[in-house]
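Analysis of the macromolecular model
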Amino acid sequence: MTNYNHWFIRARLKTRQLLLLVALAEEGNIHRAAQVLNMTQPAASKLLKDLEDVLEVPLFERLPRGMRATWYGETMIRHARVALASLNQAHDELTALKAGRFGQVNVGAITAPGLTLMPPAVAMVKREQPDLRVSLEIETSPVLLERLEQGKLDILVARLFAEHDKSQLRYEALSEEPVCALVRPGHPLLGVSGLTLRDVVSAGWIVPPAGSVLRHRFELMFQEEGLAPPTNTIESPALLFITRMLQQSDMVAVLATDVARYYASHGIVSLLPLDMPCHMDAFGIITRTDRLLSPAAKVMLKALKTASVSVYGRKLEMEID
């Protein structure tokens, strides 16, 4: 039997207290936070004091020119954001159902699976549920994980790194991500047989931003061959810029192989026959263990797992609770 004796029921926690926590975190000032929520400052101060009294901890430090969240406050703010996002999602789902739609699912993916896995998976979903709304974000893994934590995304196809908190995440590996070098069609290096890193170290390179995992492994790849990493570089993760720059120059770019093959299939670039051992870590499907998936998200998760069989040749556990 479900236990309904939750602390927040005993504390008579109000939605406006959650809104106030988030507003205080964003404004850093109780006067401005009260204005944002269309309440008086005394009312806002009482809401905060009531919550602190119930929790028996200070949530904010009172400073001469504003307020700063304590560690207790940071914890409550994080959970307040999740709770409010979940309530917004509930409203969106109800609105969709009343309008005769099945609902909405918000998915995030890194670029390579965004090109290879998402199109067949989304097509599968739309064949089964034409009225289900699908929102897709293509971003880096850290950005996607932050949005998953905030409740803005339901499912990710991304990678986890050592620094990520995995305690409330479910991860199912999909594929390794090899990388390759690419150039414009007709590039002089395409005619070089037995191409090695020594042949390309002096070339102009378009590389990932400094501090990224791929940039580190790209430079390490040259160093392991006894070579100094290329110095004639442009840093950019923007695919439109990269492909256009390659077309207009003799530069070389390093990209995920799946992405490069997509552009090569359209005649925009050519892949260099060069061994690039600086591959990226595996990526996979990521969901939260502390939140139930909506019916729409379950449909998308099933489609992702089904599509992964043909895209990556990897059969995943199909139980979706």
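Residues numbered from 1 in each chain as written. Predicted model: local features only at pLDDT ≥ 70, side-chain atom pairs only at ≥ 80, totals over all residues. Heavy atoms only, no water.

**Here we look at the packing of aromatic side chains**
Heads up, the condition is: Under the pairing criterion, centres of Phe, Tyr and Trp rings, with the six-membered ring standing for Trp, must be within 6.5 Å; the plane angle then separates stacked pairs below 30 degrees from edge-to-face pairs above 60, leaving the rest tilted. Secondary structure elements are defined from DSSP: runs of H or I of at least 4 residues count as helices, runs of E of at least 2 residues count as strands, and each element is numbered from the N terminus. Residue exposure (1.4 Å probe, protein chains only): buried if accessible area is under 20% of the type maximum, exposed if over 50%, otherwise partly exposed.
Applying the stated criterion across every chain yields a total of five aromatic pairs. Ring plane angle 85 degrees and centroid distance 6.1 Å describe the contact between W205 and F222, whose orientation is recorded as edge-to-face. Residue W205 is located in strand β8 (residues 205-207), and its partner F222 is located in helix α10 (residues 213-223); the two are separated by 17 residues in the primary sequence. Note on W205: relative accessible area 0%, which makes it buried. Residue classification places F222 among the buried residues on the basis of a relative accessible area of 0%. Between Y262 and Y263, the ring centres sit 5.3 Å apart and the planes meet at 75 degrees, which makes this aromatic pair edge-to-face. What links up through ring pairs into an aromatic cluster is the set W205, F218 and F222.

**As for the pattern of salt bridges**
Two side chains bearing opposite charge may form a pair once their charged atoms approach each other closely. Heads up, the condition is: Salt bridge, as applied in this entry: a Lys or Arg side-chain nitrogen positioned within 4 Å of an Asp or Glu carboxyl oxygen.
Within the structure shown, the criterion is met by 15 salt bridges. A salt bridge links R81 to E26; its shortest N-O distance comes to 3.9 Å. One end of the pair, R81, is in helix α5 (residues 71-98); the other, E26, is in helix α2 (residues 15-27), with 55 residues separating them in the sequence. We classify R81 as partly exposed; its relative accessible area is 32%. Residue classification places E26 among the exposed residues on the basis of a relative accessible area of 55%. With its nearest N and O atoms 2.0 Å apart, the salt bridge here joins E177 to R159. Here the residue E177 occupies a position in strand β6 (residues 169-177), and R159 occupies one in the loop between β5 (155-158) and β6, the gap between them amounting to 18 residues.

**Quick look at the nonpolar core**
For clarity, the cut-off: Nonpolar cores are built from buried Ala, Val, Leu, Ile, Met, Phe, Trp, Tyr and Cys residues. Side-chain atoms within 4.5 Å join them into one set. Working rule for contacts: check all heavy atoms of both residues, and any pair within 4.5 Å makes them a contact.
In terms of nonpolar packing, the biggest core is built from 34 residues, with V105, I155, L156, V157, I286, M300 and L304 touching the most fellow members. Where this core is concerned, the elements lending two or more residues are β3 (103-109), α7 (118-128), α8 (141-149), β5, β6, β12 (280-288) and α13 (295-312). Among the elements that line this core, the one with the most residues is α13, at nine residues. Those residues in contact with V105 that lie beyond four places of it in its chain are L132, R133, V134, S135, D154, I155, A296, A297 and M300. Ranked by size, the runner-up nonpolar core spans 24 residues in total, among them L21, A23, L24 and V57.

Read these as geometric descriptors, not functional statements.
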